[in-house]
Amino acid sequence: MNAPAPSPLHIEWTTLQQDHERHERCAIGVKLAAVALAVFCMLFTFPLELAAPLLAVVWVTEAMLRTVQARLGARLLKIEGLIAEGGDASAAFRLHREWQAGRPGAVGLLAEYAGAALKPTVAFPHAVLLLMLCALAWSGH
């Protein structure tokens, strides 16, 4: 007896779920890169004027990554609802079309990135590393 072929919604869910998890692993890599960069800057006594912007760029990079991940998460939740309701195949594969329809302008995108950057799970360890660099710079080390 053959199992029925997965529906387009199930295929989309599986694909997006895998991508969502890849974003999670990438974010951990970005955090580790931030720690390595901060340690490097501390060991080689980079001036705060150089080290802080470098760490800020890494923080913003994670915020952008998390913003995209949040969009995937929102679509995953929508697909789960569609599957639970017995949604048809025509509702599948609409991630970009739906995002484009509600795409914010440049200010809206920047606000999304800033909102993501300020979430505690994103801000850590970036804010701590920046504070450490500032403390070292102000203490004269």
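Residues numbered from 1 in each chain as written. Predicted model: local features only at pLDDT ≥ 70, side-chain atom pairs only at ≥ 80, totals over all residues. Heavy atoms only, no water.

Colleague: Before we move on, can you summarise the nonpolar core with the specific residues and values?
Modeller: If you look at soluble globular proteins, the nonpolar side chains tend to sit buried side by side. If you look at the biggest cluster of nonpolar residues, it comprises 19 residues, and the most contacted ones within it are Ala 34, Leu 48, Leu 55, Trp 59, Leu 129, Leu 130 and Leu 133. Of all elements in the fold, only helix 1 (8–43), helix 2 (48–84), helix 4 (106–118) and helix 5 (120–139) reach the threshold of two or more residues within this core. Among the elements that take part in this core, helix 2 stands out by supplying seven residues, more than any other. Apart from residues lying up to four places away in sequence, Trp 59 is in contact with Ala 117, Val 122, Ala 123, His 126, Ala 127 and Leu 130. In this structure, Leu 72, Leu 76, Ala 91 and Ala 92 belong to the second largest nonpolar core, which totals nine residues. (Core = buried A, V, L, I, M, F, W, Y, C linked by side-chain atoms within 4.5 Å. Buried < 20%, exposed > 50% of the residue type's maximum accessible area, 1.4 Å probe, protein only. Helix = DSSP H or I, 4+ residues; strand = E, 2+ residues; numbered from the N terminus. Contact = heavy atoms within 4.5 Å.)

Colleague: Tell me about the packing of helix 1 against helix 5, and name the residues and values.
Modeller: Viewed as axis vectors pointing N to C, helix 1 and helix 5 meet at an angle of 5°, and their least axial separation amounts to 10 Å. As summarised for this structure, helix 1 and helix 5 are arranged roughly parallel, according to the angle between their axes. The residues of helix 5 that touch helix 1, namely those facing Val 30, Lys 31, Ala 34, Val 35, Ala 38, Cys 41 and Met 42, are Thr 121, Val 122, Phe 124, Pro 125, His 126, Leu 129, Met 132, Leu 133 and Leu 136. Across the contact of helix 1 with helix 5, the residue classes tally to 13 nonpolar, two polar and one charged. (Axes fitted to C-alpha atoms, helices over the stretch in contact; angles between N-to-C directions. Parallel < 35°, antiparallel > 145°, perpendicular 65-115°, else oblique. Nonpolar A, V, L, I, M, F, W, Y, C, P; charged D, E, K, R; others polar.)

Colleague: Pulling in residues and values, what's your account of the pattern of salt bridges?
Modeller: Here the structure, examined in full by the defined rule, presents eight salt bridges. A salt bridge links Asp 19 to Arg 22; the shortest N-O distance between them is 3.6 Å. Of this pair, Asp 19 and Arg 22 both sit in helix 1, three residues apart, which is roughly one turn of that helix. Of the residues examined, Asp 19 reaches a relative accessible area of 26% and is grouped as partly exposed. Of the charged contacts, one joins Arg 71 and Glu 112 as a salt bridge, the two residues approaching to 3.5 Å between their closest N and O atoms. (Salt bridge = Lys/Arg side-chain N within 4 Å of Asp/Glu carboxyl O.)

Colleague: Requested: an account of the packing of aromatic side chains, with residues and values cited.
Modeller: A complete count under the given rule lists two aromatic pairs for this structure. Here Phe 40 and Phe 44 contribute two aromatic rings whose centre-to-centre distance is 4.7 Å and whose plane-to-plane angle is 45°, an arrangement assigned as tilted. One aromatic cluster is present, formed by Phe 40, Phe 44 and Phe 46 through successive ring pairs. (Phe/Tyr/Trp six-rings, centres within 6.5 Å; stacked < 30°, edge-to-face > 60°.)

Colleague: So what about the side chain of Thr 67? Which residues, and what values?
Modeller: Following the sequence through the fold, Thr 67 ends up in helix 2. Residue Thr 67 is classed as buried on the basis of its relative accessible area of 4%. Excluding residues within four positions of it along the chain, Thr 67 makes contact with Glu 112, Tyr 113 and Ala 116.

Colleague: Tell me what's going on with helix 1, and back it up with residues and numbers.
Modeller: Its 36 residues place the ends of helix 1 52 Å apart at the C-alpha level, agreeing with the 52 Å of an ideal helix rising 1.5 Å per residue. Regarding helix 1, the residues found buried are Leu 9, Glu 12, Leu 16, His 20, His 23, Ala 27, Val 30, Lys 31, Ala 34, Ala 38 and Cys 41. Residues of helix 1 that are buried in the fold lie against helix 2, helix 3 (95–101) and helix 5. One or two positions beyond helix 1, positive phi appears at Thr 45, with a value near 45°. (Expected span 1.5 Å × (residues − 1).)

Colleague: Can you break down helix 5 residue by residue, with the values?
Modeller: With 20 residues, helix 5 should reach 28 Å at 1.5 Å per residue; the first-to-last C-alpha distance of 27 Å fits that figure. The axis of helix 5 is deflected most strongly, by about 25°, at His 126. When helix 5 is considered as a whole, its buried residues turn out to be Val 122, Ala 123, Pro 125, His 126, Leu 129, Leu 130, Leu 133 and Cys 134. Looking at the buried positions of helix 5, the neighbouring elements they touch are helix 1, helix 2 and helix 4. Gly 140 occupies a position one or two residues after helix 5 and carries a positive phi of about 90°. (Bend = angle between axes of the 7 residues up to and from the residue.)

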